[in-house]
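# Structure assessment
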Amino acid sequence: MTEDRDEICQLMDKLLIRSLELVQEEVKLKTYIESTTNDGQLSLAQTRFYKGPTSVSAVQLPTEDSKEMNPLSALEETIDDVGNPQVQLVKYPVDKEAGYPDPIKWFGVLVPASLQKARTTFGKALDYVVDCANVQMELRNVLLAYDQLKERKINL
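Just so you know, these numbers come straight off a predicted model, no measurement behind them.

## Observations concerning the pairing of strand β1 (residues 73-79)
Both β1 and strand β2 (residues 85-91) contribute to a ladder of 7 bridges, which runs antiparallel. Paired with Glu76 across the two strands is Gln88, which belongs to β2. Linking two consecutive strands that pair antiparallel, namely β1 and β2, is a turn of 5 residues; a positive phi of about 105 degrees is found at Gly83 within it.

Structure follows, in structure tokens:
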């Protein structure tokens, strides 16, 4: 009985250490998200400064009357080797005929480098958001496993 209790305590310790690692990873990813979105916003501001306040605005965005289109990125939920859910970002190639237009073309044929940089930067931020979601799901699973072990330990 004490061996079972010791094993449970060791597992609980490992889960707590893993949860601390995941919290650290989550904080790091959220910092990256904040930094990259700030960089992207700065690039958009530079584009507006160069091209004028009306050249990069909501006027270029599609309206309800616009042709139907598909997103260039979508989330797909998968299950990893252990059985935990994971979120994956699926990126589709630009293909106007198939309904995957290039949104940057809404702002003209010759777009400024700062607008291209903003798109790349926001793409990185989106990757960080997906990574952060996966870390949060793993953290939730680790904490649930810890709670289950805690209940088993109490019932011994």
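## Description of the pattern of salt bridges
Scanning all chains against the criterion turns up 6 salt bridges. Taking the shortest distance from any N to any O, the salt bridge between Glu25 and Lys28 comes out at 3.4 Å. Of this pair, Glu25 and Lys28 both sit in helix α1 (residues 2-51), 3 residues apart, which is roughly one turn of that helix. Taking relative accessible area as the criterion, Glu25 reaches 29% and is therefore assigned partly exposed. Among the charged side chains, a network of salt bridges with common partners joins Arg18, Glu21 and Glu138.

## Here we look at the nonpolar core
Ranked by size, the top nonpolar core spans 12 residues in total: Ile8, Met12, Leu15, Leu22, Leu29, Ile33, Cys132, Val135, Leu139, Val142, Tyr146 and Leu149. Elements supplying a minimum of two residues to this core: α1 and α2 (113-155). With sequence-adjacent residues up to four places away left out, Met12 is seen in contact with Tyr146, Leu149, Lys150 and Lys153.

## Here we look at the packing of aromatic side chains
Per the stated rule, a full pass over the model turns up 3 aromatic pairs. Seen from their ring centres, Tyr32 and Tyr128 are 5.2 Å apart, and the 40 degrees between their planes marks the pair as tilted. Here the residue Tyr32 occupies a position in helix α1, and Tyr128 occupies one in helix α2, the gap between them amounting to 96 residues. The class for Tyr128 is partly exposed, based on a relative accessible area of 25%.

## Overview of the environment of Asp13
Inspection of the secondary structure puts Asp13 in helix α1. Owing to a relative accessible area of 45%, Asp13 belongs among the partly exposed residues under this scheme. Along the chain, Asp13 and Arg140 lie 127 residues apart, while their C-alpha atoms are 16 Å from each other.

## Points about the layout of surface pockets
Estimated volume of the largest pocket: approximately 370 Å³. Forming the boundary of the largest pocket are Pro71, Leu72, Ser73, Leu89, Lys91, Tyr92, Val94, Pro103, Arg119, Phe122, Gly123 and Leu126. Those elements that provide at least two residues to the lining of the largest pocket are β2 and α2. Among the elements that make up the lining of the largest pocket, the one with the highest residue count is α2 (4 residues). When the residues that make up the lining of the largest pocket are grouped by side-chain class, the tally is 8 nonpolar, 2 polar and 2 charged. Around the second largest pocket, the lining residues are Lys67, Glu68, Met69, Val94, Lys96, Gly99, Tyr100, Pro101, Asp102, Lys105 and Trp106.

## Some words on the side chain of Asp102
Structurally, Asp102 is set in the loop between β2 and α2. Residue classification places Asp102 among the buried positions, given a relative accessible area of 15%. A polar side-chain atom of Asp102 sits 2.4 Å from a polar atom in the side chain of Arg119. If we skip the residues at most four places from it in the chain, Asp102 touches Val94 and Arg119.

## Points about a negative patch on the surface
Together, Glu3, Asp4, Asp6 and Glu7 line one region of the surface with negative charge. On the basis of relative accessibility, which here comes to 59%, the residue Glu3 falls in the exposed class.

Conventions we followed
Residues numbered from 1 in each chain as written. Predicted model: local features only at pLDDT ≥ 70, side-chain atom pairs only at ≥ 80, totals over all residues. Heavy atoms only, no water. Pairing = 2+ DSSP bridges. Helix = DSSP H or I, 4+ residues; strand = E, 2+ residues; numbered from the N terminus. Salt bridge = Lys/Arg side-chain N within 4 Å of Asp/Glu carboxyl O. Buried < 20%, exposed > 50% of the residue type's maximum accessible area, 1.4 Å probe, protein only. Core = buried A, V, L, I, M, F, W, Y, C linked by side-chain atoms within 4.5 Å. Contact = heavy atoms within 4.5 Å. Phe/Tyr/Trp six-rings, centres within 6.5 Å; stacked < 30°, edge-to-face > 60°. 1 Å grid on protein atoms, 1.4 Å probe; cavity = no way out; pocket = protein on both sides within 12 Å on 5 of 7 lines; lining within 4 Å. Points joined across faces, edges and corners; volume = space filled by probe spheres on them. Nonpolar A, V, L, I, M, F, W, Y, C, P; charged D, E, K, R; others polar. Polar contact = N/O pair within 3.5 Å; in protein donor to acceptor, adjacent residues only side chain to side chain. Patch = residues over 30% accessible without salt bridge, like charges linked within 9 Å, V, L, I, M, F, W, Y side chains within 5 Å. Areas by Shrake-Rupley, 256 points an atom, 1.4 Å probe, with all protein chains shown as cover. Lys, Arg positive; Asp, Glu negative; His and termini not counted. Charge placed at Lys NZ, Arg CZ, Asp CG, Glu CD.

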